[in-house]
Every structure is written in structure tokens, then in C-alpha cells.
Amino acid sequence: MSVTVEKVAALCRRRAFVFPSSDIYGGLGSAYDYGHYGVLLRSNIKGEWQRSMIQERDDMVGLDSSIILNPKVWEASGHLATFTDPLVDCRTCKLRFRADDLEHAQCGRKPSKHPGETPDCDLTEPRAFNLMFETYIGPVRDSASVAYLRPETAQGIFINFKNVTSSMRVKPPFGIAQIGKTFRNEITPGNFIFRLREFEQMEMEFFVPPADGPKWHEYWIEERRRWHISLGLRESNVRLRPHDPDELSHYSAATSDIEYLFPIGWLELEGIAYRTDFDLVHHTEASGQKLEWIGHEERYVPHVVEPAGGVDRFMLAFLCDAYFEEEVAGRERTVLRLHPRLAPVKAAVLPLVGKSSEMVEKARGLYEELRQVMSTEYDADAAIGKRYRRQDEIGTPWGLTIDDQTLDDGTITLRDRDTLEQERIPLEGAKQLLLDRLEQPWSPPA
Ligand code: GAP
């Protein structure tokens, strides 16, 4: 069995992870809404990022800046001038294409050909198209009221450099981490939630003494690679790719992508850029406010290393890596082998006989206890096999079954999603046992 984006998308829709947006109106290209399990999975991804970036470190603080910033920010950052894709129009079929990606586009008249390949194709010269979404502030729509939806969360961090250094006990090397919505008017969005026009980024700007920039760049590349693997991505599906000089963003002196082997090929999961002092210097020049570090005996503009990833794209990678179809006892099962800490639901409490009041009472008691500390579901409907299958499809690592033996000796069955092994454990200790297992390292079964 090989996983495809289509199979993952079908499961996501069937099991309330992801719905096409504006569905009843025929949808909206490349926009998606997240259902119940999608909300829980995303919240766990963000929680794990925050845990490793902020909670477990002494050198990091958080921030949540506005989506709409003063338009001068985007002038100073270079986004107004350079955050563009080159576009060509075809005068024959009237379609518009990315000039640097024609080999993935289809000619409007002859879809088997690429634009420019037929004698009828009549392409214009490439023009720069800015990817920022424009809006207006206030009631008047004129050039003075134009504003932009942020195309990266990073700039909100740079413009708060002074606020943070003057209010928090920080000193380079230190970082500011932020999670938030980002908007880009992508020309060729697609592949489900891989490339969206509205998405959520998790970005961290790490401010260091200038001479230490290259060292910290290496550090963060490895640190972020390890994070993805520690949360279950198979090591063989993750690789590093340094950018060639001609593909570097306007602010970057060096960038390495962490790439994931999606079903559609190796593609960027996260970028780790060495932004040098580009942003602080440009905001200093444009705002007149000195953005620098002033220590007891030193004064300098820090250099910046930036690991930047996207919640939606991470979610797709975790889902693709976890998706398996297999035969168990002559029956097909689809299972999401998600890391238990990422799984939307950690435990399902299942009374074997949903009509047995004694079993139901014990099961409800356990459910109430567990849900205080972890996301738990109670399910007393349908045959037990069907209930397990449902939990397998949403990636629930542990099924807890209350049966006749529970009423005799106070033990329950703990079923493991991956090995399908069932063990008897005391009902009394179930909560602590699962809490301990959640903290243990986990790697995908071979
Ligand atoms: N501040 C640097 C920056 O924004 P980027 O490589 O353009 O760098 C960082 O974006 C990450 O954001 C990407 O690695 C990807 O995970 C995510 N991302 C970028 N564009 C996206 C899109 N159109 N849809 C979904 N995720 C996207």
C-alpha cells in the first residue's frame, strides 16, 4: 500500500479532520476548514512546538503580534518590493502562469502540453506579482489607507525587539517565538493543505552576537530536524537541503530547508534561514528607532537565525507519515500511527456491552477520571470491532475496554493501536499508566 495525498484527504474529510471550505457554495480554491479532530491535532502540534521552543528553554520568550501592521513595516522589510512571483499571461487562452514553474502548468488549449509549447501559445514577458493580500483601514478606500495581511509572522517579532528587550530578562543569544495566521496570494496553491493562501506559521527569531550567527544556524538546523523525528516522522523521510545562492530570499545569507518525502515528492517542510542583521538594520533605518543590543560593555545589532514552519504543512506530513492501510484478521483497517502526544484523542473508553449498567458505570467513572488530564472519548455504541476501527482511523493510541472480568477483579483491557496487543491492567492505575506512557519517547513501528 502506498499513501497518497488523495487518500489522506479522504480520511480527513470522513473523520472530521479537514473539510473543504465554503463547501455548500462549491468551495473556495485551496481553502480548508478544520473539523473536531483537525482542531485537536493542530493544537497538539502547536503545543509541542511551544513546549520545545519556550517551555523547555531558558532563552526564549513568546509573542502574539497583529496580523495587520503599519504598512511601513512591509516597505522596510523589503516585502513590498521583492515578495513577488514572476507571472506570464497567455494572450491566446487568457490564463496566467508562474514563469518559473511552467513545467507544472497545463496549456489552456492543450492540457497535455505546458504553456509555451504549442504554436498557438502567446506568452507575455514575465511580470512581478506581489503575493501580499491588500486591504483598507477605515472607511476610505484610497492609497493612504492601504494595508496588508502579513505574509510572514516574523516582522511582528522584529518590530517588537525593543519592547521585548526592555521588558523581559533576555540577553543574546535569545529568541522570540510566535504562532499565527499568515496570508499569501499564492498563484499555484494546491496539494490539499500543502500550499494554502491562508495558513498558520510557527516562527522563531533567534538573536545572537554577529560572530556566532553561522554556529547558531547549524544548531537550529539540527535542533529542528530532531524535533520532527522525535514526534514520529520516519528519519528516512526527512532530509536537509541547503539553498543554492540564486534561490535565497532577499533577507537571507544562507537557508537550509528541512524537506519531507511527501507522496508528491521531497518538498519543504520548514526553512531555517540566517537572516543576519538585515531586518533590524532596515527597521532601524526606516523607523529611526535604534534596534540594537546594549549590554554593560557592548553595543551591537544582533544577527538572527530563523526556523520557520507551518502548522498546516506539518499536519500534512504527520498525517502522511502515520497513514497505513493493512489487513488484520482478514479485514482491512486504516490506521493513523500518530505519536501519542500528537494524537487528537489519547484514550477511548469502551464498555464491552453498552447495555450492561455495571460496565457502563465503571466505564463512565474511568472516562470522567481520564478526561480531566487528557483528551478521551467514551463510546458504547456498535460492535467492539467497529469502535476500535473508528479509533484507529483517528489515531487513538489506547483503547480501554471494560468487560465481565472488570466486574470480577477490577482489571481492564488496554489495547495498543500499533501492535494490537491487549494487556490486562488494574482499572485503578490506568490514569497514571497512560500519563507515564505519554511522556515516554515514541518512534513509529518498523
Ligand atoms: N519568515 C520566513 C518564511 O516565511 P517561508 O519558507 O516562506 O519562510 C516558512 O515559510 C514555512 O511556512 C514553510 O516552510 C512552510 O512550512 C510554511 N508555508 C509557507 N508558505 C505556505 C503556504 N502557502 N501554505 C502552507 N504553508 C506554507
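For the structure, check the block above.
Residues numbered from 1 in each chain as written. Predicted model: local features only at pLDDT ≥ 70, side-chain atom pairs only at ≥ 80, totals over all residues. Heavy atoms only, no water.

(A) Just the overall build of the protein, in detail. Scanning the protein from N- to C-terminus turns up 13 helices and 23 strands. Scored against the burial criterion, the 446 residues of the protein give a buried share of 49%. Approximately 21,400 Å² of the protein is accessible, and the part contributed by carbon and sulfur atoms is 49%. Looking at the protein, you have 55 positive and 71 negative side-chain charges, and the mean spots of the two groups are 3 Å apart. (Helix = DSSP H or I, 4+ residues; strand = E, 2+ residues; numbered from the N terminus. Buried < 20%, exposed > 50% of the residue type's maximum accessible area, 1.4 Å probe, protein only. Areas by Shrake-Rupley, 256 points an atom, 1.4 Å probe, with all protein chains shown as cover. Lys, Arg positive; Asp, Glu negative; His and termini not counted. Charge placed at Lys NZ, Arg CZ, Asp CG, Glu CD.)

(B) Here's a closer look at helix H8 (residues 278-287). Residues of H8 that are buried: Phe278, Asp279, Leu280 and His283. Buried residues along H8 sit in contact with helix H3 (72-77), helix H5 (154-158), helix H6 (161-167), strand E10 (198-208) and strand E13 (265-276). (Contact = heavy atoms within 4.5 Å.)

(C) Spatial organisation of the environment of phenylalanine 318. Take phenylalanine 318: it is sitting in helix H9 (residues 311-322). Along the primary structure phenylalanine 318 and alanine 147 are separated by 171 residues, whereas in three dimensions their C-alpha atoms are 35 Å apart.

(D) Highlighting the packing of aromatic side chains. Counted by the stated rule, this structure contains 15 aromatic pairs. Ring geometry for phenylalanine 206 and tryptophan 220: centres 5.3 Å apart, planes at 65 degrees, overall edge-to-face. With a gap of 14 residues between them, phenylalanine 206 in strand E10 and tryptophan 220 in helix H7 (residues 213-230) connect regions that are remote in the sequence. For phenylalanine 206, a relative accessible area of 0% translates into the label buried. Relative accessible area serves as the criterion here: at 1%, tryptophan 220 is assigned to the buried category. Ring pairing ties together the aromatic residues Phe158, Phe161, Phe174 and Phe207, which thus form one cluster. One Lys or Arg, arginine 275, reaches over the ring of tyrosine 251 and ends 3.5 Å from the middle of that ring. Note that arginine 415 overlies the ring of tyrosine 388, its terminal NZ or CZ placed 4.1 Å from the centroid. (Phe/Tyr/Trp six-rings, centres within 6.5 Å; stacked < 30°, edge-to-face > 60°. Lys NZ or Arg CZ within 6 Å of the ring centre and 35° of its normal.)

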